[in-house]
Amino acid sequence: MSLTQQDVERIAHLARIKIDPAHTEKYLHQLNAIFALAEKMQVIDTKDVLPLSHPVSAHLDSLSLRLREDKITESNQRQAIQSQAPATQDGLYLVPKVIE
Amino acid sequence: MHTHTLKALSDLLQKKAISATELAQLYLKRIEKSTLNSFLHVDPSITLAQAKQADEKIARNQATPLTGIPIAHKDIFVTQGLRSTAGSNMLANYTSPFDATVVERLQQQGMVTLGKTNCDEFAMGSGNENSAFGATQNPWDTNAIPGGSSGGSAAAVAAYLTPAATGTDTGGSIRQPAAFCGITGIKPTYGRVSRFGMIAYASSLDQGGPMAHTAEDCALLLNAMAGFDPKDSTSLTPEQCPPEDFTRHLNNSIKGLRIGIPQQYFEKGIAPDVLDAVHAALKQYEALGATLIDISLPKTELSIPVYYIIAPAEASSNLSRFDGVRYGHRATGYQDLTGMYKKTRSEGFGAEVQRRILVGAYVLCHGYYDAYYLQAQKIRRLITQDFQSAFQQCDVIMGPVAPTVAWNIGDKTDDPVANYLADIFTLSTNLAGLPGMSIPCGFGQGSINSKRPVGLQLIGNYFSEAKLLGIAHQYQQSTQWHSASPERI
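Calculation notes
Residues numbered from 1 in each chain as written. Chains lettered and ligands numbered in written order. Predicted model: local features only at pLDDT ≥ 70, side-chain atom pairs only at ≥ 80, totals over all residues. Heavy atoms only, no water. Salt bridge = Lys/Arg side-chain N within 4 Å of Asp/Glu carboxyl O. Helix = DSSP H or I, 4+ residues; strand = E, 2+ residues; numbered from the N terminus. Buried < 20%, exposed > 50% of the residue type's maximum accessible area, 1.4 Å probe, protein only. Contact = heavy atoms within 4.5 Å. Buried area = accessible area lost by both parts, 1.4 Å probe. Polar contact = N/O pair within 3.5 Å; in protein donor to acceptor, adjacent residues only side chain to side chain. Nonpolar A, V, L, I, M, F, W, Y, C, P; charged D, E, K, R; others polar. Pairing = 2+ DSSP bridges. Arc of directions from axis to C-beta. Phe/Tyr/Trp six-rings, centres within 6.5 Å; stacked < 30°, edge-to-face > 60°.

**Q** Teacher, can you tell me more about the pattern of salt bridges here?
**A** Pairing of side chains with opposite charge becomes possible as their charged atoms draw close. Scanning the model with the defined rule gives 17 salt bridges over all chains in all. The partner of Lys26(A) in a salt bridge is Asp414(B), and the shortest N-O contact between them spans 3.3 Å. Placement of the pair is Lys26(A) in helix α2 (residues 24-38) and Asp414(B) in the loop between β9 (396-400) and α13 (416-421), with the two residues belonging to separate chains. A relative accessible area of 37% places Lys26(A) in the partly exposed class. For Glu347(B), the salt bridge identified is with Lys343(B), shortest N-O distance 3.2 Å. Linking Glu347(B) with Lys343(B), this pair stays in helix α10 (residues 337-348), spanning four residues, or about one helical turn. Among the ionic contacts, a cluster of salt bridges with common partners joins Arg192(B), Glu244(B), Arg248(B) and Glu465(B).

**Q** So what exactly am I meant to see when it comes to the interface of chain A and chain B here?
**A** Many descriptions give the size of an interface as the accessible area lost when the pieces come together. Each partner contributes to the interface: chain A provides 54 residues, whereas chain B provides 72 residues. Between chain A and chain B the total buried area reaches about 5400 Å² when both faces are included, carbon and sulfur atoms providing 69% of it. Contact with chain B buries surface across chain A, with Met41(A), Leu52(A) and Arg66(A) losing the most and accounting together for 13% of the total. One can count two salt bridges joining chain A with chain B. Where chain A packs against chain B, one counts 22 residue pairs in polar contact (both at pLDDT 80 or more). When the residues that make up the side of chain A that touches chain B are grouped by side-chain class, the tally is 37 nonpolar, eight polar and nine charged.

**Q** Mind showing me how you'd approach the pairing of strand β5 (residues 184-187) of chain B here?
**A** Remark: a regular strand shows side chains that alternate across the two faces of the sheet. Residues and elements named next belong to chain B. With burial as the criterion, each face of β5 is covered, one bearing Thr-184 and Ile-186 and the other bearing Gly-185 and Lys-187. Summarising the sheet, β5 and strand β6 (residues 207-212) pair through two bridges and their orientation is antiparallel. Within β6, the residue paired with Thr-184 across the bridge is Ala-212. Across three bridges, the pairing between β5 and strand β10 (residues 436-443) is antiparallel. If you follow Gly-185 over to β10, its bridge partner there is Ser-438.

**Q** Before we go on, may I ask you to explain helix α1 (residues 5-14) of chain A in this structure?
**A** Every buried residue belonging to α1(A) is among Asp7(A), Val8(A), Ile11(A) and Ala12(A), and all of these are buried. Projection of α1(A) onto a plane perpendicular to its axis shows the buried side chains occupying an angular sector of 130°, all on one side. Residues of α1(A) that are buried sit in contact with α2 of chain A together with α11 (351-363) of chain B. Downstream of α1(A) by a residue or two, Arg16(A) has a phi angle that is positive, lying close to 55°.

**Q** I tried to follow unusual backbone geometry on my own but got confused; where do I start?
**A** All names here are of chain B. With omega at 10°, the peptide bond leading from Gly-148 into Ser-149 counts as cis. One can find Ser-149 in the loop between β3 (112-117) and α5 (151-158). Even without glycine at this site, Asn-128 takes up a positive phi of about 60°. Within the secondary structure, Asn-128 sits in the loop between β3 and α5. Taking relative accessible area as the criterion, Asn-128 reaches 0% and is therefore assigned buried.

**Q** Quick question: what am I supposed to make of the packing of aromatic side chains here?
**A** Pairs of aromatic rings are described using the distance from one ring centre to the other and the angle between the two planes. Residue and element names in this part refer to chain B. Per the stated rule, a full pass over the model turns up 18 aromatic pairs over all chains. When the ring of Tyr-94 is compared with that of Tyr-327, the centres are 6.1 Å apart and the planes differ by 65°; the resulting orientation is edge-to-face. Highlighted residues: Tyr-94 in the loop between β2 (70-74) and α4 (101-108) and Tyr-327 in the loop between α9 (303-318) and α10, separated in sequence by 233 residues. We note that Tyr-94, like Tyr-327, is buried. With a centroid separation of 6.3 Å and 90° between ring planes, the pair formed by Phe-322 and Phe-349 is classed as edge-to-face. Remark: Phe-349 occurs in the loop between α10 and α11 and Phe-322 occurs in the loop between α9 and α10; sequence separation between them is 27 residues.

**Q** Which parts of the structure should I look at to understand the side chain of Thr214(B)?
**A** All names here are of chain B. Structurally, Thr-214 is set in the loop between β6 and α7 (215-225). Polar side-chain contacts of Thr-214 include one of 3.0 Å to the backbone nitrogen of Asp-217. Contacts of Thr-214, omitting those with residues within four sequence positions, involve Thr-5, Thr-184, Gln-476 and His-482.

**Q** In this structure, what is going on with the environment of Leu302(B)? I would like to understand it.
**A** Of note, Leu302(B) is situated in the loop between β8 (291-295) and α9. Through-space distance from the C-alpha of Leu302(B) to that of Thr95(B) is 39 Å; in sequence the pair is 207 residues apart.

Spatial relationships are all this shows, so hold off on functional conclusions.
See the structure below:
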């Protein structure tokens, strides 16, 4: 199945990326080459196969997400962490207006 | 001095024949003179302060085998003090408030950080050409790529700018640059090495690992790097994976070792000079007492679409955090929040990263999820099962790391799929979560390729790193490829 320019624009919007119009055709061509590669997967019958998302689960039984004790272990490091932020004020991150 | 292995340097440091400060100064000088573009950030004041601390530890006789040894970290590992960019403009000026667990553990041993190495952007690439900060040159032939995505680390070790470096491997990014640069690297079993502080690309595939000149060096590093980390939700607990000494099998004999040779790793499309070098290595193993056994990994070629669906899908999720709000690049000149996100991400991410995010977002969409992502996950299980069948018949699997030696910088830059196809022998190992190594086994042939190294890949079953390292070490005891040096280095 082949992508169209509209598909690319729609996905780019969903992924919050703006594709440079000068490169759209090249991107389309490259993406279609990648999906042509993906078509090869269709010949395999996987009707009764369970998906494998966590490689460890293939060889270790009863793998579950570890939980920890509900105890406070972290300290307030807001200043250090926010030192890398593009824009902050009073300990808050500044962003363009979200709600009208 | 600079061509010594980590082990040799460790012995000299412990004998007090050289100091950590002298070693650090030696390598810093070499890094300064290098034009390979393998390092992105170097700060001699940080390095020398660490070296001084290491010397103090040595003086108090509190040294470990790694104390005072210089190390370089792939720029995917976050470090306080030195910037961490993941090879991307998105993080060009990012300095992390914390250290990656891997960095912390090696620092606790008293290792001395020389700097951060160049890499493909967000670890996406096979040639180090996708770095926002320029390509890295292969020290064996500066027209050639060093491999990727841990190309900076591989080139730095090969050029003796550091005795060792950390790398990460999601689809081959330790093994392939190790092969192309004639050094040794190991990707451990998934879950061995903490991913905390390792900027995420594909979380079910990423693994950090050591890169150095020898298997013995890698074993010493892995001893410090591996182990349960509560801060990584996929880190294996001591119950699931007891701590071990990865050097304990180095001196095991090869006699009786059953080496599985996958038919699909030796078929059409593989360069004859790579085949020659690999076959010679296998002959050497036979001389050491091993038996070669024909096996089949029928889905080897399918691993390419499976990986290039799953990894981009996970990447599209992992990279959604880069939105210009809390850290990293933020664009200017936008109208609203969506505009800020779009402009920031378009400016911050390079072309290959954007491509993979788009592929990933697409295959996770309603309507396409089953045919692409789910199908890939199912084939992933089949690939994993194929390896288990193979390991019924053999103790270790061997073959080439890549179908060719390193290609020229610029040759495949505009052709993503050409790059993907060259990953054919390394991807399955990550999909299955198995440990894999690359060790130098020769060079290509012809006027150009004869300068370019060939790597032998070793793949083991889960938790067999100590065995793999021993199998590699025995080969390195009876061959010299790992000691070869590039000209003018």
